[in-house]
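One letter stands for each residue in the lines below.
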Amino acid sequence: MPTIMIKKLIEPIQMWLLARGQCVGCGRPLKNGVSEKREDGTFKVTCSCGRIFIYNPKNKKYRRALFDEI
Ligand SMILES: [Zn+2]
């Protein structure tokens, strides 16, 4: 299966997990991860599986960290 098709299948699942505050890799709740306050008021959250997310307390949303945020 081409990678683009796999991405199309996985993306909605990842969005759904993030909306529930769960890691997209292992499904663990991100509130159990290690969080670190950043200068802009958001939090860098490291899951126990090593994936890194950014939590925005203003809209209570998680997103995947970008490469330059890690
Ligand atoms: Zn994880």
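These numbers were taken from a predicted model, which means no experiment stands behind them. (Residues numbered from 1 in each chain as written. Predicted model: local features only at pLDDT ≥ 70, side-chain atom pairs only at ≥ 80, totals over all residues. Heavy atoms only, no water.)

Some words on unusual backbone geometry
Among all residues except glycine, the phi angle is most often negative; among peptide bonds, the trans geometry is most common. Although it is not a glycine, Lys 60 sits at a positive phi angle of roughly 55°. Position of Lys 60 relative to the elements: it lies in the loop between strand E3 (52–56) and strand E4 (61–64). (Helix = DSSP H or I, 4+ residues; strand = E, 2+ residues; numbered from the N terminus.)

Here we look at the coordination of the zinc ion
Within the protein, the atoms that donate to the zinc ion are Cys 23 (SG), Cys 26 (SG), Cys 47 (SG) and Cys 49 (SG), at distances of 2.3 Å. Around the zinc ion, the four donor atoms are arranged such that angles at the metal cover 102 to 117°; this shape is classified as tetrahedral. (Donors = N, O, S within 2.8 Å, 3.2 Å for Na, K, Ca; no water. Tetrahedral: all angles 85-135°; square planar, octahedral: opposite > 155°, others 65-115°.)

A word on helix H1 (residues 3–19)
In a regular helix each residue adds 1.5 Å, so 17 residues correspond to 24 Å; H1 covers 24 Å between its end C-alpha atoms and thus fits that length. With its phi angle positive at about 75°, Gly 21 sits one or two positions after the end of H1. (Expected span 1.5 Å × (residues − 1).)

Some thoughts on the pairing of E4
Put simply, side chains in a regular strand alternate between the two faces of the sheet. The pairing of E3 with E4 spans four bridges and is classified as antiparallel. Following the sheet pairing, Asn 56 is matched in E4 by Lys 61. (Pairing = 2+ DSSP bridges.)

Side note on a nonpolar patch on the surface
A surface patch of nonpolar side chains, about 250 Å² in accessible area, is lined by Ile 6, Leu 9 and Ile 10. Along the chain, the position of Ile 6 falls in helix H1. (Patch = residues over 30% accessible without salt bridge, like charges linked within 9 Å, V, L, I, M, F, W, Y side chains within 5 Å. Areas by Shrake-Rupley, 256 points an atom, 1.4 Å probe, with all protein chains shown as cover. Salt bridge = Lys/Arg side-chain N within 4 Å of Asp/Glu carboxyl O.)

What to know about the side chain of Gln 22
Residue position: Gln 22 is located in the loop between H1 and strand E1 (34–37). Engagement of the side chain of Gln 22 in a polar contact is seen with the side chain of Arg 20, the distance being 2.7 Å. (Polar contact = N/O pair within 3.5 Å; in protein donor to acceptor, adjacent residues only side chain to side chain.)

Let's talk about the pattern of salt bridges
Evaluated as defined, the whole model comprises three salt bridges. Linking Glu 69 and Arg 38 is a salt bridge whose minimum nitrogen-to-oxygen distance equals 3.7 Å. Remark: Arg 38 occurs in the loop between E1 and strand E2 (43–46) and Glu 69 occurs in the segment after E4; sequence separation between them is 31 residues. For the salt bridge of Glu 69 with Arg 63, the shortest nitrogen-to-oxygen distance reads 3.0 Å. Judged by relative accessible area, Glu 69 falls into the buried class, the value being 15%. A cluster of three or more residues bridged by salt bridges with shared partners is formed by Arg 38, Asp 40, Arg 63 and Glu 69. (Buried < 20%, exposed > 50% of the residue type's maximum accessible area, 1.4 Å probe, protein only.)

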